[in-house]
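Chain and residue survey
Letter by letter, the chains look like this.
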Amino acid sequence: MVRTVARWVLLAVVTVAASVGLTLLGVPSAALFAALVVGIVLALLSLAPTAVPRRAGLAAQAVLGVYIGTMVHDDSLAALGPHWPIVVTVVVATLAISVLAGALMGLRRDVTPLTGALALVAGGASGLVAIARELGGDDRVVAVVQYLRVGLVTATMPLIVLFIFHPDRSHPTQVTESASAPWYVSVGLILAISVVGVVLGKLVRLPGAGLLGPMAITVVLEVTGQDLGLTVPSALVQVGYVLIGWQAGVAFTRESLKSVGRAMPLAVALIAALTIATAGLGLLLSHVSGVTPLEGYLATSPGGVYAVLATAVETGSDVTFIVAAQVLRILVMLFAAPWMARGLVKLTERFGGQSREITEDKREPIAVAD
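Residues numbered from 1 in each chain as written. Predicted model: local features only at pLDDT ≥ 70, side-chain atom pairs only at ≥ 80, totals over all residues. Heavy atoms only, no water.

Under an unreviewed UniProt entry, the name given to the chain is Membrane protein, and the organism recorded is Mycolicibacterium murale.

Shown next as structure tokens:
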């Protein structure tokens, strides 16, 4: 008992220290990345807890579901205006390209097609990591590759914007913030939405109900204007990120780390190809809708939504349109991924394929979402 408590304390202290350091360096999703890396290191040193309690993981999923849902606003669809058909087309095309890239990654003998697809879906990285294990994928591979995607896209965005688009930064966009409810009201709403969302999600057999149930309810409240000023406290979001990062990190072994390392060159190549392909879709969006090429690129970027928002504001771009397109991308990716997972599992079973685990044989089998 004492040893278990000591391991949790060590994991928490080191994670907090790493999160603060990475935040000061401007690393995106610093808490999730720090928790993942610290969890891996301590697990390899046999100093980490054996696993994150299932209820804690489910609570983290619910918080992230509500948080992502609050990105939607009642004027989100209106912001797309008459251009919504081409935006939807681009989002669906991005999903198709992501699935193709995931299928190519799944050709590796140590990565299942399902894990490859979830790892390269271009949107909702923290959400996908949170539900990857429940859907039947390896959350360790999904966590590393998804964070790699977000990191690479975020790191290259300033260079692409500077050297290709040459933006005028002399007239930044003014962004106004709406009033929010007191924190205690928001926490109460989050708790109610989480419980109702998870229960209803399981009743309708929604894949990844812990994340998607609360997210769906939050989106409905936001779109109908009944959200009562709901905001998710930053501290709560960071705790959710940490739990998701730990969930994947502490499950690592030396063998699984080697397997992930062997898959990294292919993952980087596929992420680069995905970034180039979505940039092409951005040019198509620009040509059809009349937005600038820079706005088309920012609207279709396959990740780094906060970097996208910051860049849009600095360059005087149409922030409302870009954010609406990005939120639509994230929602479609998150809602489509679980159904895609079920489809891949059924295809594998139908054609007699076997799941190739990246983990050791002794690990408990992962059940597909019920």
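1. Quick look at empty space enclosed by the protein
Summed over the entire model, instances satisfying the criterion amount to two cavities of 30 Å³ or more. If you add up the space inside the largest cavity, you get close to 60 Å³. In this structure, the largest cavity is lined by Val87, Val90, Val91, Thr94, Leu285, Ala299, Thr300, Ala325 and Arg329. Of the residues forming the lining of the largest cavity, the biggest block, four residues, is contributed by helix 5 (residues 84–105). (1 Å grid on protein atoms, 1.4 Å probe; cavity = no way out; pocket = protein on both sides within 12 Å on 5 of 7 lines; lining within 4 Å. Points joined across faces, edges and corners; volume = space filled by probe spheres on them. Helix = DSSP H or I, 4+ residues; strand = E, 2+ residues; numbered from the N terminus.)

2. Structural notes on the pattern of salt bridges
Applying the stated criterion across every chain, the model contains five salt bridges. A salt bridge links Arg262 to Glu255, with the nearest nitrogen and oxygen atoms 4.0 Å apart. For Glu255, a relative accessible area of 44% gives the class partly exposed. Through salt bridges with shared partners, one network takes in Arg108, Asp110, Glu255 and Arg262. (Salt bridge = Lys/Arg side-chain N within 4 Å of Asp/Glu carboxyl O. Buried < 20%, exposed > 50% of the residue type's maximum accessible area, 1.4 Å probe, protein only.)

3. Here's the deal with the packing of aromatic side chains
In this structure the tally under the stated criterion is four aromatic pairs. The interplanar angle of 10° and the centroid separation of 4.3 Å between the aromatic rings of Phe33 and Tyr147 together place this pair among those described as stacked. A residue pair is termed long-range when its members are at least 10 positions apart, and Phe33 in helix 2 (residues 30–44) and Tyr147 in helix 8 (residues 139–165) qualify at 114 residues. Under the relative-accessibility criterion, Phe33 is labelled partly exposed at 26%. The class of Tyr147 is buried, set by a relative accessible area of 11%. In this structure, Arg140 is placed above the aromatic ring of Phe252, and the distance from its NZ or CZ to the ring centre is 5.9 Å. (Phe/Tyr/Trp six-rings, centres within 6.5 Å; stacked < 30°, edge-to-face > 60°. Lys NZ or Arg CZ within 6 Å of the ring centre and 35° of its normal.)

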